[in-house]
Amino acid sequence: MPRAKVKKTDRTSKLVALLNEDLAGELGAIIQYLTYAAKVTGPYRPELVQFFLKEVPEEQAHAQCLANKVVALGGEPTTVPRPVPAARTNREMLQAVLAAEKQARADYTRRAKQAEAFGDKGLQVQIENIVADESGHFEETERMLREWPALP
């Protein structure tokens, strides 16, 4: 059965573009967590590997949710991730994750308001749930960095 064509308005096209920016961020986060899990060193390596890898399924679920919505709105999901910041040390990796989670939390807070203005309550709730997830990631990373030993 052929799919019904979704008529895109300027408002819809703008929302699709914003959701694709978010999708690029989630794709980048997946790559960031996988890469950092491979790169961590030192006595906390086992814990950090698990910390990074346990985030991947959540970020993947966020990406799938966004891709599904982009398609539902008549768009094409991006396949281009946001660039992953280079990080040499465990501390730099955690700081890069903290910055990414802070940006995601701010982006999704705006996106929830935009979804509400667009009149899509389902998307608004989905995005608010993502905000809660990203806030948890941010807080956990921030707590890890609080007592992280500074290197000379």
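Below: a short report on this structure. Remember, predicted model here, so these are calculated numbers, not experimental data.

### A short note on the packing of aromatic side chains
Alright, step 1. In this structure the tally under the stated criterion is four aromatic pairs.
Alright, step 2. Each ring, one from Tyr 33 and one from Phe 52, has its centre 6.1 Å from the other, and the planes form 40°; the classification is tilted. Taken together, the residues Tyr 33 in helix α1 (residues 10-39) and Phe 52 in helix α2 (residues 45-72) connect sequence positions 19 residues apart. Accessibility assignment for this pair places Tyr 33 and Phe 52 in one class, buried.
Alright, step 3. Centroid distance Tyr 36 to Phe 52: 5.9 Å. Interplanar angle 65°. Geometry classified as edge-to-face. With a gap of 16 residues between them, Tyr 36 in helix α1 and Phe 52 in helix α2 connect regions that are remote in the sequence. Like Phe 52, Tyr 36 is buried.
Alright, step 4. An aromatic cluster is built from Tyr 33, Tyr 36, Phe 51 and Phe 52, whose rings are joined through pairwise contacts.
Alright, step 5. The ring of Phe 138 carries Arg 105 above its face, with NZ or CZ at 4.1 Å from the centroid.

Quick notes on the rules
Residues numbered from 1 in each chain as written. Predicted model: local features only at pLDDT ≥ 70, side-chain atom pairs only at ≥ 80, totals over all residues. Heavy atoms only, no water. Phe/Tyr/Trp six-rings, centres within 6.5 Å; stacked < 30°, edge-to-face > 60°. Helix = DSSP H or I, 4+ residues; strand = E, 2+ residues; numbered from the N terminus. Buried < 20%, exposed > 50% of the residue type's maximum accessible area, 1.4 Å probe, protein only. Lys NZ or Arg CZ within 6 Å of the ring centre and 35° of its normal.

Don't take any of this as a statement about function, it's just geometry.
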